[in-house]
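Okay, here's what each chain looks like letter by letter:
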Amino acid sequence: MDIIFNNKRKRKRHVKASLTVEASFLIPIILFTMVGGIKIGYSMLKETKDVIQIQEELEKLNPVAIVRTKTLVQGLTDR
């Protein structure tokens, strides 16, 4: 029985309190940095999707045809 009890004592490990205090400061900072990075990445993704949608709408618009049509209409109405 003494042998089992001695083995249990040897298995116990003690952590210095300074390590747990340091970890209590570092873990929130690391989590804050990770969540902030994810949030920034998501906002950049959303902004990029909006820009792509606007670009696709502008490609469909064909501004050259609009200018030619307005110039033609103005030329006909000025006469």
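Calculation notes
Residues numbered from 1 in each chain as written. Predicted model: local features only at pLDDT ≥ 70, side-chain atom pairs only at ≥ 80, totals over all residues. Heavy atoms only, no water. Helix = DSSP H or I, 4+ residues; strand = E, 2+ residues; numbered from the N terminus. Buried < 20%, exposed > 50% of the residue type's maximum accessible area, 1.4 Å probe, protein only. Areas by Shrake-Rupley, 256 points an atom, 1.4 Å probe, with all protein chains shown as cover. Polar contact = N/O pair within 3.5 Å; in protein donor to acceptor, adjacent residues only side chain to side chain. Patch = residues over 30% accessible without salt bridge, like charges linked within 9 Å, V, L, I, M, F, W, Y side chains within 5 Å. Salt bridge = Lys/Arg side-chain N within 4 Å of Asp/Glu carboxyl O. pLDDT = per-residue confidence, 0-100.

1. Considering the overall build of the protein
- The secondary structure content of the protein amounts to 3 helices and 0 strands.
- Each helix (α) and strand (β) of the protein, taken in turn from the N terminus, gives the series α-α-α.
- Counting the 79 residues in the protein, one finds 0% classified as buried.
- On the protein, roughly 8,300 Å² of surface is accessible, and the fraction owed to carbon and sulfur atoms is 66%.

2. With respect to the environment of S43
- For S43, the location among the structural elements is in helix α2 (residues 17-61).
- Among the polar contacts made by the side chain of S43, one reaches the main-chain carbonyl oxygen of I40 at a distance of 2.8 Å.

3. Considering a nonpolar patch on the surface
- A cluster of nonpolar side chains, L26, I27, I30, L31 and M34, forms an exposed patch at the surface whose accessible area comes to about 490 Å².
- Examined against the element boundaries, M34 turns out to sit in helix α2.

4. Section: the confidence of the model for the protein
- Confidence along the protein averages 80 in pLDDT terms, with 70% of residues attaining 70 or more.
- For the protein, the element scoring lowest by mean pLDDT is helix α1 (residues 2-11), at 56; α2 scores highest, at 91.

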